Amino acid sequence: MNNTYNVDQNGYYGEFGGAYIPEMMHSNIEELKSKYIKICSENSFKKEFNELLKDYVGRPTPLYFASRLSEKYNTKIYLKREDLCHTGAHKINNTIGQILLAKRLGKTRIIAETGAGQHGVATATVCALMGIECIIYMGEIDIGRQAPNVARMKMLGAEVRPATSGSKTLKDATNEAIRDWINNPIDTHYIIGSVVGPHPYPDMVARFQSVIGNEVMSQLETLEGTKNPNYVIACVGGGSNAAGLFYPYLDNKKVKIICVEAAGKGIKSGKSAATSILGKEGIIHGAKTLLMQSKDGQITEPYSISAGLDYPGVGPMHANLFRSKRGEFHSIEDSEAMDWGLNLSRLEGIIPAIETSHAFAILDKKEFQKSDILVFNCSGRGDKDLDTYIDYFKL
Amino acid sequence: MNRINKVLEEKKDILSIYFTAGFPKIDNTEEIIIQLSNCDVDMVEIGLPFSDPLADGPTIQESSTIALNNGMNSIKLFEQLKDIRKKTNIPLIIMGYFNPILQFGVEEFCKNCQTVGIDGLIIPDLPVEVYEKEYKHVFDKHGLLNMFLITPQTSNERIQFIDKVSKGFIYMVSSFSITGAVNSFNENQKKYFKRINSMDLKSKLLIGFGISNNKTFLDATRNSRGAIIGSAFIKFLKNNNKENIVEFINSIRGKSSSKN
């Protein structure tokens with residue numbers, strides 16, 4: 001029995017994870033699996049990674065004491081300001097790590113999937129930085145509704161290829177990226193954007209994102225004299241920003257973990273992305289995890305007003321946090337999340353991404369003690385969502 | 001002896017045909033199998049459609065989407081196959097992705113396969129290691145073979161392992177690329193066929209992916225026990241009557257077509 005909530009040596013989190021992949025992907029996954037830890041532990045890798053995070057991404061990001069919010073909810077609230085990262089969200093921590101890894105694996109071509117376009121932009125950005133060819137797969141429907149990010153990727157020199165199969169959204173873009181990788185196994189690295197997919201991706205992405213939680217530990221110690229908040233709180237789609245914040249606290253049960261999923265138009269509405277409640281154990285994109293599916297095991301299309309949360313699965317780390325009850329899961333409806341977009345803007349002068357807004361809505365759902373220290377991952381900024389905010393609030 | 005093994009023992013230039021159950025119409029399954037077994041076809045692979053078929057190209061994905069929209073699922077497929085063994089003795093393989101089988105229940109799925117007379121399964125996203133550890137005993141109990149894929153990227157060591165676990169044929173993916181028809185094989189592919197053939201494996205090899213006409217079929221059968229055709233047959237079904245299946249098969253076999 002494994003006494004950790006982190007990954008075990010076989011690539012599982014409890015009963016979730018593994019690599020359920022077609023043989024055509026085996027050599028690629030095997031190459032990554034056998035090399036990623038070694039490469040990432042090399043001093044030259046760490047040096048380059050840390051320098052880029054500092055000078056290019058702008059890390060460390062502040063841990064900001066939100067005084068008006070704290071006063072209103074009568075508890076101590078800190079925001080980890082990932083929204084201040086270059087490109088506007090935490091996504092770039094991972095793409096920097098993976099591009100450095102890809103270079104060391106001798107890869108000359110990068111592919112990635114994207115839903116809302118944030119991961120696509122973060123990938124196109126690091127490819128431009130390194131002068132490497134970049135192809136982004138994006139659902140045809142998402143291309144239509146995320147025009148500014150499509151333009152960003154193009155400006156950065158990436159080719160955006162529409163995924164026209166299936167439901168033409170994130171899961172289909174992921175399928176297309178996997179197919180591309182199968183067809184180009186030698187020169188290409190696939191930068192997955194979240195803690196999903198076959199092992200070692202969930203662990204690799206979580207490690208690159210763990211800079212978030214590690215910074216919180218030292219920043220909180222300076223600010224509060226303790227490394228341990230009472231709660232770490234993050235929104236969960238695939239789960240990368242949450243994994244990054246939770247990472248150093250996974251096995252530290254003094255720190256409670258709260259995951260906030262998107263309920264869309266309501267859990268029972270048929271238009272939701274609350275995977276922990278609506279999902280069942282199964283296989284998606286090469287991992288055993290919780291996913292939304294029909295009785296026959298066909299993967300169903302999730303819905304959330306925030307494109308970054310409408311993934312039909314959840315990372316295997318989070319599936320295990322849910323199943324083991326290590327993490328507390330809540331789901332927040334579109335309207336509640338949108339209201340929190342305004343709340344945070346007006347209370348703290350921070351316009352959050354709609355994904356991020358979901359996390360804050362927990363403040364209306366759960367009572368906290370005055371002495372509690374809460375750390376929210378303020379995972380992304382709201383610029384990309386302005387159109388949605390404008391439509392919704394008739395601004 | 002399992003029908004698949006019997007064909008592998010007795011025949012050369014084996015032709016195995018894949019079609020997606022529920023495509024183009026929901027109730028085509030039995031008729032297509034019978035038509036194929038009346039032609040010069042040695043095995044039939046019945047595709048259980050999946051919403052996210054990672055290892056398939058656009059043709060098979062499209063047929064899967066249509067089949068799912070037509071209402072195909074595991075229960076329906078087993079219903080459609082319940083009398084198939086009264087009508088044909090051709091080896092039957094179900095090819096499907098792991099999640100629908102997992103949701104049906106692996107044991108229950110295998111039991112149903114045995115009941116209707118399925119001889120084996122191909123599950124592209126169930127890796128051989130997981131199969132051996134967790135599911136092999138279930139397949140064995142129900143007399144089902146599980147066929148594994150190898151690709152030009154599969155190491156010799158891994159091929160040896162797959163050969164050891166395998167009791168049916170090894171499905172040799174002809175190239176890096178996912179399914180889809182091509183016109184001819186290139187030098188790299190031929191080198192790869194040679195490398196595998198020199199390994200002296202106990203399992204027979206069938207080559208699949210990219211076989212679409214008499215030329216690629218002959219290329220494949222020169223290098224293996226036989227060939228598997230999927231996309232090219234799906235395209236045929238999309239554009240032709242099922243009654244003309246014999247013409248498609250004859251064109252692959254390089255026989256001139258006679259209607260009777």
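Remember, it's a predicted structure, so these values are computed and weren't measured experimentally. Within each chain, residue numbers correspond to sequence positions counted from 1 in written order. Here the convention is simple: chains get letters from A, ligands get numbers from 1, in the order in which they are written. Thresholds applied to this predicted model are a pLDDT of at least 70 for local features of residues and 80 or more for the giving and counting of side-chain atom pairs; totals over whole chains, interfaces and linings are not thresholded and use all residues. The side-chain quantities take in all heavy atoms of the structure and omit both hydrogens and water.

Even after reading the chapter, I still don't get the overall build of chain B, so can you show me in this structure?
Helix numbering and strand numbering both begin at the N terminus, where a helix is a DSSP run of H or I of at least 4 residues and a strand a DSSP run of E of at least 2. Scanning chain B from terminus to terminus reveals 12 helices and 8 strands. Taken over C-alpha atoms, the radius of gyration comes to 17 Å for chain B, in line with the 18 Å a tight globule of 260 residues would show. Seen through its C-alpha atoms, chain B measures out along the principal axes to roughly 45 × 45 × 35 Å. Only heavy atoms enter the contact rule, under which two residues are in contact if any of them lie within 4.5 Å. Contacts in chain B between residues far apart in sequence, at least 24 positions, make up 75% of those at least 6 positions apart. Residue-level accessible areas treat just the shown protein chains as cover; the underlying method is Shrake-Rupley with a 1.4 Å probe. Within the structure as shown, chain B displays about 10300 Å² of accessible surface, and the carbon and sulfur contribution to it stands at 47%. Positive residues here are Lys and Arg, negative ones are Asp and Glu, while His and the chain termini are left out of the count. Where a charge lies is defined by one atom per residue type: Lys uses NZ, Arg uses CZ, Asp uses CG and Glu uses CD. Put simply, chain B has 32 plus and 29 minus side-chain charges, and the middle of one group is 4 Å from the middle of the other. With C-alpha atoms as the basis for the radius of gyration, the globule rule is written as 2.2 Å multiplied by the number of residues raised to the power 0.38.

Just to check I follow, could you spell out the sheet that holds strand β10 (residues 256-264) of chain A for this structure?
What holds strands together in a sheet is hydrogen bonding between their backbones, with the strands either parallel or antiparallel. All names here are of chain A. Spatial strand order, β3-β4-β14-β9-β10-β13: 6 strands in an open sheet with mixed pairing. Each edge of the sheet is formed by a strand with only one pairing partner; in this case those strands are β3 (63-65) and β13 (327-333). Direction aside, the axes of adjacent strands within the sheet are offset by 25 degrees on average. Alignment of β3 against strand β4 (residues 76-80), held across 3 bridges, turns out to be antiparallel. Directly across from Tyr64, in β4, lies its bridge partner Leu79. Orientation is described by lines fitted to C-alpha atoms, with helices fitted over the stretch in contact, and by angles between N-to-C directions that extend from 0 to 180 degrees. Against the sheet, helix α10 (residues 211-224) contacts β3, β4 and β14 (373-377), and its axis sits at roughly 140 degrees relative to β4. Along the sheet face, helix α14 (residues 334-348) touches β3, β4, β10 and β13 and points at about 95 degrees away from the line of β13. For two strands to be treated as a pair, DSSP must find at least two bridges joining them.

Could you clarify how one ought to interpret helix α5 (residues 118-130) of chain A in this entry?
The periodicity of an α-helix, 3.6 residues per turn, causes residues three or four positions apart to be oriented the same way. With 13 residues, α5(A) ought to run about 18 Å at 1.5 Å a step, and its terminal C-alpha atoms sit 19 Å apart, in line with that. Gly131(A) occupies a position one or two residues after α5(A) and carries a positive phi of about 65 degrees. The length a helix should cover is 1.5 Å for every residue beyond the first.

Help me out: how do you make sense of the interface of chain B and chain A in this one?
One widely used convention gives an interface's size as the accessible area the parts lose upon coming together. Counting from both sides, the interface comprises 33 residues of chain B and, opposite them, 32 residues of chain A. For the pair chain B and chain A, the summed buried surface comes to about 2800 Å²; carbon and sulfur atoms form 54% of the total. Just to be clear on terms, a salt bridge is a Lys or Arg side-chain nitrogen sitting within 4 Å of an Asp or Glu carboxyl oxygen. Across the chain B-chain A interface, the total number found is 2 salt bridges. For Asp52(B), the salt bridge goes to Lys171(A), with nearest N and O atoms at 3.1 Å. In protein, a polar contact requires one atom able to donate a hydrogen and another able to accept it; more generally it is a pair of N or O atoms within 3.5 Å, and residues adjacent in sequence count only if both atoms are side-chain atoms. Joining chain B to chain A, the criterion identifies 18 residue pairs in polar contact (both at pLDDT 80 or more). If one sorts the elements of the side of chain B that touches chain A by residue count, helix α5 (residues 98-104) of chain B sits on top with 5 residues. Buried surface area refers to the total accessible area, computed with a probe of radius 1.4 Å, that the two partners give up upon joining, counted for both partners together.

Whenever I open this one, the nonpolar core confuses me. Can you help?
Taken as a class, soluble globular proteins show a tendency for nonpolar side chains to be buried jointly. Throughout, nonpolar core names a set of buried Ala, Val, Leu, Ile, Met, Phe, Trp, Tyr and Cys residues whose side chains join them through atoms within 4.5 Å. Each residue gets one of three labels from its accessible area relative to the maximum for its type: buried under 20%, exposed over 50%, partly exposed in between, using a 1.4 Å probe on protein chains only. In this structure, Phe246(A), Leu36(B), Ile46(B), Phe169(B) and Phe233(B) are the most contacted members of the largest nonpolar core, which totals 188 residues. Among the elements that line this core, the one with the most residues is helix α1 (residues 23-41) of chain A, at 7 residues. In this view, Phe169(B) contacts Ile4(B), Leu8(B), Met43(B), Glu45(B), Ile93(B), Ile122(B), Met147(B), Phe148(B), Lys204(B), Leu206(B) and Ile228(B); residues no more than four positions away in its chain are not counted. Core analysis: the next-biggest nonpolar cluster, separate from the first, contains 31 residues, Leu69(A), Tyr231(A), Trp340(A) and Phe376(A) among them.

Explain a nonpolar patch on the surface here, please?
Here a patch means residues that are over 30% exposed by relative accessible area and free of salt bridges, tied together within 9 Å if like-charged and within 5 Å if nonpolar (Val, Leu, Ile, Met, Phe, Trp, Tyr). Judged by side-chain polarity, Leu386(A), Ile390(A) and Leu395(A) come together as a nonpolar surface patch covering roughly 270 Å² of accessible area. Given the relative accessible area of 61%, Leu395(A) is considered exposed.

Could you clarify how one ought to interpret the confidence of the model for chain B in this entry?
Close inspection of predicted coordinates is inappropriate for parts of the model with low pLDDT. A residue's pLDDT is simply how confident the predictor is in it, with values from 0 to 100. Put simply, chain B has an average pLDDT of 94, and 95% of its residues get 70 or more. If you check the scores for this complex, the pTM reads 0.96 and the ipTM reads 0.93.

Mind showing me how you'd approach the state of the cysteines here?
All names here are of chain B. Disulfides are defined in this document as cysteine sulfur pairs within 2.5 Å. Scanning all chains against the criterion turns up 0 disulfides over all chains. Left unpaired, Cys113 is separated from the closest cysteine sulfur, that of Cys110, by 6.0 Å. Cys113 gets classed as buried once you look at its relative accessible area, which sits at 0%.

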